[in-house]
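Results of the structural survey
Chain residues, written in single-letter form:
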Amino acid sequence: MNDMMNCMKYLWERIERKNWSESAKYKCLLCLLSAVFGASGLLAWLAVRSWICGTIGGMLCFIGCPMVVSWFVAFFYTCNHSFHNGSGPAV
């Protein structure tokens, strides 16, 4: 769990350095987290496809469910941390 928080903190700091608006930073975070969680779902599906859910529908479930979870992760993380607008220095 601690490794995931370190990863989120690193990702958050990298996005925060960009000179983008708050909404663009939030959209970038959602896209990146969706891609990472979707890739982990794909790897999980590849590992178990010969035993269970070897169909395309199973693959979509293994990829889609983690992507939806990533939206909640991003929401809860942004509840405690906020992006600063890229138009000026952070206060």
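A few points on the structure. Note that this is a predicted model, so its numbers are computed, not measured.

Rules used throughout
Throughout this document, residue positions are counted from 1 along each chain, in the order its sequence is written. Totals for whole chains, interfaces and linings use every residue, but because this is a predicted model, local features are given only for residues with pLDDT of at least 70 and side-chain atom pairs only at 80 or more, for both listing and counting. No hydrogens and no water enter the side-chain calculation; it runs on all heavy atoms of the structure. The term salt bridge refers to a pairing of a side-chain nitrogen on Lys or Arg with a carboxyl oxygen on Asp or Glu at a separation within 4 Å. The buried label goes to any residue with under 20% of its type's maximum accessible area, the exposed label to any with over 50%, and the partly exposed label to all in between, with areas taken from a 1.4 Å probe on protein chains only. Residues grouped as a nonpolar core are buried Ala, Val, Leu, Ile, Met, Phe, Trp, Tyr and Cys residues, joined through side-chain atoms within 4.5 Å. Where helices and strands are cited, they refer to DSSP runs of H or I of at least four residues and of E of at least two residues respectively, numbered from the N terminus. Pairs of residues are marked as contacts when any of their non-hydrogen atoms sit within 4.5 Å. By definition here, a helix of n residues has an expected span of 1.5 Å times n minus one.

A look at the pattern of salt bridges
Summed over all chains, the structure comprises 1 salt bridge. The partner of Glu-16 in a salt bridge is Lys-25, and the shortest N-O contact between them spans 3.7 Å. By relative accessible area, which is 1% here, Lys-25 ends up buried.

Remarks on the nonpolar core
In this structure, Met-8, Leu-11, Trp-12, Ile-15, Cys-28, Leu-29, Leu-33, Phe-37, Ala-74, Tyr-77 and Phe-83 together form the largest nonpolar core, which totals 11 residues. Among the secondary structure elements, those contributing two or more residues to this core are α1 (2-16), α2 (22-48) and α3 (56-80). Discounting residues that sit within four places of it in the chain, Cys-28 has contacts with Ile-15 and Trp-20.

Description of the environment of Leu-30
By secondary structure assignment, the location of Leu-30 is in helix α2. Discounting chain neighbours no more than four positions away, the residues touching Leu-30 are Trp-71 and Ala-74.

Thoughts on α2
Between the first and last C-alpha of α2 there are 39 Å, a value that for 27 residues agrees with the 39 Å anticipated at 1.5 Å per step. Looking only at α2, the buried set comprises Lys-25, Cys-28, Leu-29, Leu-33, Ser-34, Phe-37, Gly-38, Gly-41 and Trp-45.

This is a description of form; function is not addressed.
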